[in-house]
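Listed below are the residues making up each chain.
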Amino acid sequence: MIATDRNFFAYLDEMKIITILLPLSYHHGLSSSFSITSDFQEHPLKIIETRQIDNKMKYICELSKEYSFEKQYVIIDEHGGKTDLQIGAVIRTKAFDEKFYYDGNDLGVTFQEGLTRFKLWAPTATQVKLKLRPSNSSFSEIVKMKREDHGIWSVAVNRDLELYQYSFLILVNQEWCEAVDPYAKAVTVNGELGVIVRLEKTQRPRPNLPSIENSVDAIIYETHIRDLTIHPNSGVKNKGLYLGAGEQNTKGIDGEPTGLAYIKDLGVTHIEFLPFHDFAGVDELQRNNEYNWGYNPLHFNAPEGSYSTNPTNPYSRITELKQLIDQVHSLGLRVIMDVVYNHVYVRETSSFEKVVPGYYFRHNEIGLPSNGTGVGNDIASERKMVRKFIVDSIRYWLEEYHIDGFRFDLMGILDVETMNKVRNICDSLSNGTIIIGEGWSLNTPLPVDQKATIGNQAKMPKIAQFNDKFRDFIKGSTFNLFDKGFALGNEHYFEAANEVITGSIGFTKQGSGTFNEPSQSVNYVECHDNHTMWDKLLACLSEADDSLRMKYHRLATGIVLLSQGIPFLHSGQEFFRTKKSDGNSYRSSDEINQLDWERKIIFKDNVNYIKGLIQVRKEFSCFRIRTSAEIRANIRQLPLASPLLGYWLKSNKNEIILLINTTSKKQVITVPDGNWAVLVDHENAGISAKRILQGKEMSIEPVSINVLVRLFS
């Protein structure tokens, strides 16, 4: 029976509630009774509510016996008309979740001696078949799967199936569909089919990196695998690929480091790569014809093929990604993976929707898919098997690829419990795993107190969140190109800037902070999204010359690096990265998105300045204070006239003064008695003294950040 054969419709909406819709064109929508039949047994249904909705009569009926998901049922009306009972909103009930939750760790493909086992969670399916195809053949073999407890379908094949392509054929609501395994770890070109691989052939030893004691010790550098090396003068051989991003000792036309070697030399601790799980938007066989950031997830546990040297070889993307991660680790750096568990590229064609229709996605009060993400669907992370999938996926990337941290795209779509379970699995497998996320409050049908948002930061104390207040108070609104923040000379942001620089913990008014602890705040003024800061400065300071724009840019980046919390830099920010005023370059050309290594040469002085600020942050623990209590005990705001901002900071045996002048004029201030080494001023930054300041007065240059350390005799 297919949809066109149905004169009326019936849906299982709760474990014992059936909704029947009779069109008014069918017996005027009237039926005084309904019955349900299966296995030649017929039972009456109790009608408990009737009402007209548009051109249909809606009947809410109660089922007297327990519904068996293993059977197919037919609903019969008083006129003898018949329709199949389809799976409806029951899949979104707690009872369904409880009944079919499966806690095994063997979903997907597993191996035992002499056999390959396949397991799929598909509780609403009435039949499931495995479709196998050798990699060098068009012939497909169909194998019936057996239903087990908790909605699991399983089959074991007693032979070596390495490199076989596979998919599942699933019968739900009388309709067959073909789906790629949601747990697939390898895929064919463009993710069309799953592939069976022996991951033990790709295993690499886990690196022994020094532990990160606290996330405030991290300095994150965000980049895109293709952007990093695709520029003609990147000095990289395998441009735009995993192998290229992992090449060491590359040099630009000036003979100085580029790529990974440059990032190491800059002094950051973590590289955050934009998504590298399998995504849509780039034809893997024509990768130079298209570009995409990667926020179109197809398969969450398989690497993207457009970054591999041979997308047709399922092993290539796996081994080459692992090589990249190994190369990063060999330099003492760590990898943060940008993960996109909040949505899929296209809901209707996704594995999730084909395997268990309606389960993996949120729906609004009228039963339509919600769209808090803005891309057409929201993942329902609060459901048990969705949560399990996310946690299983995180475990997989940690164990198999040795990932060191995760950046959760649109984390506010997900729920608090899921994020805390992610935190727990990370802590159980590795020390120092960093989790950061976009905790925006989005319009998705999940109770506010359950959303993984900034507003619920107290419920997720070990997860950091992108601090949009820091971003907008320091540089100006991201969504108003012409709004100027504190670092761009806007005195109205003075108090707000004071708060975010001191960790967003309620420094001046305890209890009013955005976060409870500084380790929860990711401080940034630029990322892959929206305009680069340089492009914003071109717009909002259109009458200024480049030298002034550079000063503002340097000041804003300096505030990021010397504030309490976790500093986050966008790759190329240190050499005034531009995207030619493109504010949404997610599928723009390489010319727009590439990291221009010639700008690194042109703006070498600024690169060295930022490198010096990074050295200062790493050298002096007062810029990396662990707790809000320690911030209050070790930082004191200096009594300077607004808009000057100044702080006295205690760092072990050191006393530090941090001074920020956002005005266009020199400012003269009085500093405490003693000798002070100037480590940072408007021209230089580093851990060696630029000059020694004696006496009480100090002149602060316009648009500058300054760091002084007391010298003890």
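Residues numbered from 1 in each chain as written. Predicted model: local features only at pLDDT ≥ 70, side-chain atom pairs only at ≥ 80, totals over all residues. Heavy atoms only, no water.

## Some details on the side chain of serine 704
Position of serine 704 among the secondary structure elements: in strand β34 (residues 704–711). Classification of serine 704 as buried rests on a relative accessible area of 2%. When sequence neighbours within four positions are dropped, the list of residues in contact with serine 704 reads Leu555, Leu659, Ile660, Asn661 and His682. (Helix = DSSP H or I, 4+ residues; strand = E, 2+ residues; numbered from the N terminus. Buried < 20%, exposed > 50% of the residue type's maximum accessible area, 1.4 Å probe, protein only. Contact = heavy atoms within 4.5 Å.)

## Quick notes on the pattern of salt bridges
In the structure shown here, the tally under the stated rule is 39 salt bridges. A salt bridge links lysine 384 to glutamate 98; the nearest nitrogen and oxygen atoms lie 3.2 Å apart. One end of the pair, lysine 384, is in helix α7 (residues 384–401); the other, glutamate 98, is in helix α1 (residues 94–100), and 286 residues separate them in sequence. Between arginine 423 and aspartate 427 there is a salt bridge, with its nearest N and O atoms 2.9 Å apart. (Salt bridge = Lys/Arg side-chain N within 4 Å of Asp/Glu carboxyl O.)

## Structural notes on the sheet that holds strand β27 (residues 635–637)
The strand order across the open sheet built from six strands is β27-β28-β29-β34-β31-β32, with neighbouring strands paired in antiparallel fashion. Both edges of this open sheet fall to β27 and β32 (691–693), since each of them pairs with a single strand only. Looking at each pair of strands side by side, their axes are set apart by 30° on average, direction ignored. Note: β27 against strand β28 (residues 645–651), three bridges, orientation antiparallel. The partner of isoleucine 635 across the bridge, within β28, is leucine 649. Those strands touched by helix α10 (residues 494–501) are β27, β28 and β29 (654–661), and its axis lies near 15° from that of β28. (Pairing = 2+ DSSP bridges. Axes fitted to C-alpha atoms, helices over the stretch in contact; angles between N-to-C directions.)

## Focus on the sheet that holds strand β2 (residues 17–23)
Read once around its circumference, the closed barrel built from seven strands follows the order β1-β2-β5-β4-β3-β6-β7, with strand pairing classed as mixed. Each adjacent strand pair in this sheet contributes to an overall mean axis angle of 35°, direction not counted. Two strands pair when backbone bridges link them, and strand β3 (residues 34–38) and strand β4 (residues 41–53) are joined in this way by five bridges, in the antiparallel orientation. When the bridges of β4 are listed, serine 35 appears paired with proline 44.

## Observations regarding the environment of threonine 93
Looking at the element boundaries, threonine 93 is found in the loop between β7 (82–87) and α1. Remark: the alpha-carbon pair of threonine 93 and glutamate 178, spanning 85 residues in sequence, is separated by 26 Å. Excluding residues within four positions of it along the chain, threonine 93 makes contact with Asp13 and Glu14. At a separation of 3.2 Å, a polar atom in the side chain of threonine 93 contacts the main-chain amide nitrogen of phenylalanine 96. (Polar contact = N/O pair within 3.5 Å; in protein donor to acceptor, adjacent residues only side chain to side chain.)

## Here we look at the nonpolar core
Core analysis: the biggest nonpolar cluster contains 178 residues, and Ile20, Phe118, Trp121 and Phe408 have the highest contact counts within it. With ten residues, α7 is the single largest residue contributor to this core. Not counting chain neighbours up to four residues away, the residues in contact with tryptophan 121 comprise Phe96, Phe100, Tyr102, Leu107, His150, Gly151, Ile152, Val355, Val356, Tyr359, Tyr360 and Met385. Judged by nonpolar contacts, the second largest core, of 18 residues, contains Ile336, Leu410, Ile413 and Ile436. (Core = buried A, V, L, I, M, F, W, Y, C linked by side-chain atoms within 4.5 Å.)

## A look at the packing of aromatic side chains
Inspection of every chain in the model, using the stated rule, returns 39 aromatic pairs. Ring geometry for phenylalanine 352 versus phenylalanine 389: centroids 5.0 Å apart, planes at 90°, classification edge-to-face. One end of the pair, phenylalanine 352, is in helix α6 (residues 351–355); the other, phenylalanine 389, is in helix α7, with 37 residues separating them in the sequence. Aromatic pair tryptophan 397 and tyrosine 401: ring centres 4.5 Å apart, planes at 40°, arrangement tilted. Separated by four residues within a single helix, tryptophan 397 and tyrosine 401 lie in helix α7, roughly one turn from each other. For tryptophan 397, a relative accessible area of 0% translates into the label buried. Positioned above the aromatic ring of tyrosine 101, the side-chain terminus of lysine 384 is 5.3 Å from the ring centre. The ring of tryptophan 648 carries the charged tip of arginine 636 above its face, separated from the ring centre by 4.6 Å. (Phe/Tyr/Trp six-rings, centres within 6.5 Å; stacked < 30°, edge-to-face > 60°. Lys NZ or Arg CZ within 6 Å of the ring centre and 35° of its normal.)

## As for the pairing of strand β6 (residues 74–77)
Relative to β6, β3 runs antiparallel, the two sharing four bridges. Note that in β6 the partner of serine 35 across the bridge is isoleucine 76. In the sheet, β6 pairs with β7 via three bridges, with the strands oriented antiparallel. Looking across to β7, one finds that valine 74 is bridged to aspartate 84. Counting the residues between successive antiparallel strands, the hairpin from β6 to β7 contains four residues, one of them, glycine 80, with a positive phi of roughly 90°.

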